[in-house]
Amino acid sequence: MTTLAVDLDGVLANFVYGFTRYVREIGAWKFTSDYQPMAWDFPEIPDRALFQRAISTFHEQHLFWQSLPAYVANCNSLAEFIGKRPEVNIVYLTARPSPSKGPSALVQTNRWLRAQGLLGDATTVIVVDNWQRKVDTVAILGVDAIIDDHSQTVEGVLKLALTTWGSLMVNATLLSRPWNKDADLPRVDTLKMWLDSIK
């Protein structure tokens with residue numbers, strides 16, 4: 001049975017929108033409605049102290065993960081795939097810190113996925129602390145293919161496959177975003193393109 005790992009933030013959920021909304025609230029920093037960072041550390045925010053404060057505390061906002069907007073086209077493509085391919089296991093694999101109060105990141109993620117119609121009999125939700133844990137989880141579960149917008153995660157999975165199995169036993173693919181444009185890795189422009197490649 002095929003097992004796929006699908007990232008959330010940057011693939012299904014619009015983390016950039018939620019994070020920049022929070023930055024506006026605490027620092028009165030202005031973003032255009034179509035703003036996309038050119039790198040992971042949001043270099044367009046010149047006040048680095050503001051960025052550090054925001055990146056350290058954003059997840060403490062009430063229901064932050066649960067209230068993120070969806071990348072609708074990607075969610076729709078995945079919902080269609082799940083309906084057509086019930087024999088495929090889908091693992092939602094995401095690195096998200098939990099708030100110190102209120103529902104955990106795992107609870108909020110489950111609620112979000114349920115609202116998008118993306119939970120089913122063959123889906124599993126795994127929330128880890130960081131991208132390295134995502135790589136470890138891919139190995140532990142024997143994932144056949146993973147899609148992520150984080151270049152280090154994709155690169156880490158490919159390196160693990162080569163060092164552990166001596167070949168690229170895992171199809172690790174980057175979903176193209178402005179913040180990963182410089183990574184020389186296998187990539188697709190849409191989630192549908194990746195799903196269409198799954199045999």
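None of these values were measured; they are calculated from a predicted model.

**Student:** I'm lost on the side chain of N74 in this one. Help?
**Tutor:** Tracing the backbone shows N74 in helix α3 (residues 72–84). Filtering out sequence-adjacent residues up to four positions away, N74 remains in contact with V11, L12, L175, R177, T190 and L191.

**Student:** Looking at this structure, how should I read the layout of surface pockets?
**Tutor:** Sizing a probe to match a water molecule and rolling it over the atoms shows the empty space that remains. A volume near 590 Å³ is recorded for the largest pocket. Looking at the largest pocket, it is lined by 29 residues, and the ones nearest its centre are D9, F15, W40, A95 and H150. Looking at the lining of the largest pocket, the elements that each hand over two or more residues are α1 (15–27), α2 (48–57), β2 (89–95), α5 (131–141) and α6 (151–165). For the lining of the largest pocket, the per-class residue count stands at 14 nonpolar, seven polar and eight charged.

**Student:** Any chance you could explain the packing of aromatic side chains here in plain terms?
**Tutor:** Any aromatic ring pair is given by two values, namely how distant the centres are and how the planes are angled relative to each other. The tally for this structure, following the rule as stated, stands at 14 aromatic pairs. Between F15 and F19, the ring centres sit 5.6 Å apart and the planes meet at 15°, which makes this aromatic pair stacked. Note that F15 and F19 are positioned in helix α1 at a spacing of four residues, about one turn of the helix. What makes F19 buried here is its relative accessible area of 0%. Grouping aromatic residues by their ring pairs yields a cluster made of F15, F19, F31, Y35, F42, F51, F58, F64 and W65. Above the ring of F51, the side-chain terminus of R48 is found at 4.5 Å from the ring centroid.

**Student:** It is not clear to me how the pairing of strand β3 (residues 123–128) should be interpreted in this structure. Could you clarify?
**Tutor:** Successive side chains on a regular strand alternate, one facing one side of the sheet and the next facing the other. Bridge count between β2 and β3: six bridges; the pairing is parallel. By the bridge assignment for β3, L93 is matched with I126. Each parallel crossover has a hand, and for β2 linked through helix α4 (residues 105–115) to β3 it is right-handed.

**Student:** Please explain α2 as it appears in this structure.
**Tutor:** Because an α-helix completes one turn every 3.6 residues, residues spaced three or four positions apart along the sequence face the same direction. Listing the buried residues of α2 in full gives L50, F51 and A54. Down the axis of α2, the buried set is contained in an arc of 100°. They therefore lie on one face. Looking at the packing, one finds that the buried side of α2 touches α1. The opening residue of α2 is D47, an N-cap whose side-chain oxygen sits 3.2 Å from the backbone nitrogen of A49.

**Student:** Quick question: what am I supposed to make of the nonpolar core here?
**Tutor:** A general tendency of soluble globular proteins is for nonpolar side chains to be buried together. By size, the foremost hydrophobic cluster in this structure holds 44 residues, and its most contacted members are L4, V6, L12, L78, I90, Y92 and W194. Taken together, the elements giving at least two residues each to this core come down to β1 (3–6), α1, α2, α3, β2, α4, β4 (145–148) and α7 (191–196). Ranked by residue count, the leading element in this core is α1, at five residues. Those residues in contact with L4, other than ones at most four positions away along the chain, are F81, V88, N89, I90, V91, V143, A145, W194, L195 and I198. One finds A5, V138, V157 and L174 within the second-largest nonpolar core, a separate group that totals 15 residues.

**Student:** It is not clear to me how the sheet that holds strand β5 (residues 171–175) should be interpreted in this structure. Could you clarify?
**Tutor:** Judged by pairing direction, the sheet is parallel, and its six strands sit side by side in the order β3-β2-β1-β4-β5-β6 without closing on themselves. Looking at strand neighbours, the two that pair on one side only are β3 and β6 (187–188), the edges of this open sheet. Pairing geometry for β4 and β5, over four bridges, is parallel. Residue I147 lies in a different strand from β5, and its bridge partner there is T173. Along the sheet face, α3 touches β1, β2, β3 and β5 and points at about 150° away from the line of β2. Across the sheet, α4 is in contact with β2 and β3; its angle to β3 comes to roughly 145°.

Cut-offs applied
Residues numbered from 1 in each chain as written. Predicted model: local features only at pLDDT ≥ 70, side-chain atom pairs only at ≥ 80, totals over all residues. Heavy atoms only, no water. Helix = DSSP H or I, 4+ residues; strand = E, 2+ residues; numbered from the N terminus. Contact = heavy atoms within 4.5 Å. 1 Å grid on protein atoms, 1.4 Å probe; cavity = no way out; pocket = protein on both sides within 12 Å on 5 of 7 lines; lining within 4 Å. Points joined across faces, edges and corners; volume = space filled by probe spheres on them. Nonpolar A, V, L, I, M, F, W, Y, C, P; charged D, E, K, R; others polar. Phe/Tyr/Trp six-rings, centres within 6.5 Å; stacked < 30°, edge-to-face > 60°. Buried < 20%, exposed > 50% of the residue type's maximum accessible area, 1.4 Å probe, protein only. Lys NZ or Arg CZ within 6 Å of the ring centre and 35° of its normal. Pairing = 2+ DSSP bridges. Right-handed = clockwise from strand over helix to strand, strands pointing away. Arc of directions from axis to C-beta. Polar contact = N/O pair within 3.5 Å; in protein donor to acceptor, adjacent residues only side chain to side chain. Core = buried A, V, L, I, M, F, W, Y, C linked by side-chain atoms within 4.5 Å. Axes fitted to C-alpha atoms, helices over the stretch in contact; angles between N-to-C directions.

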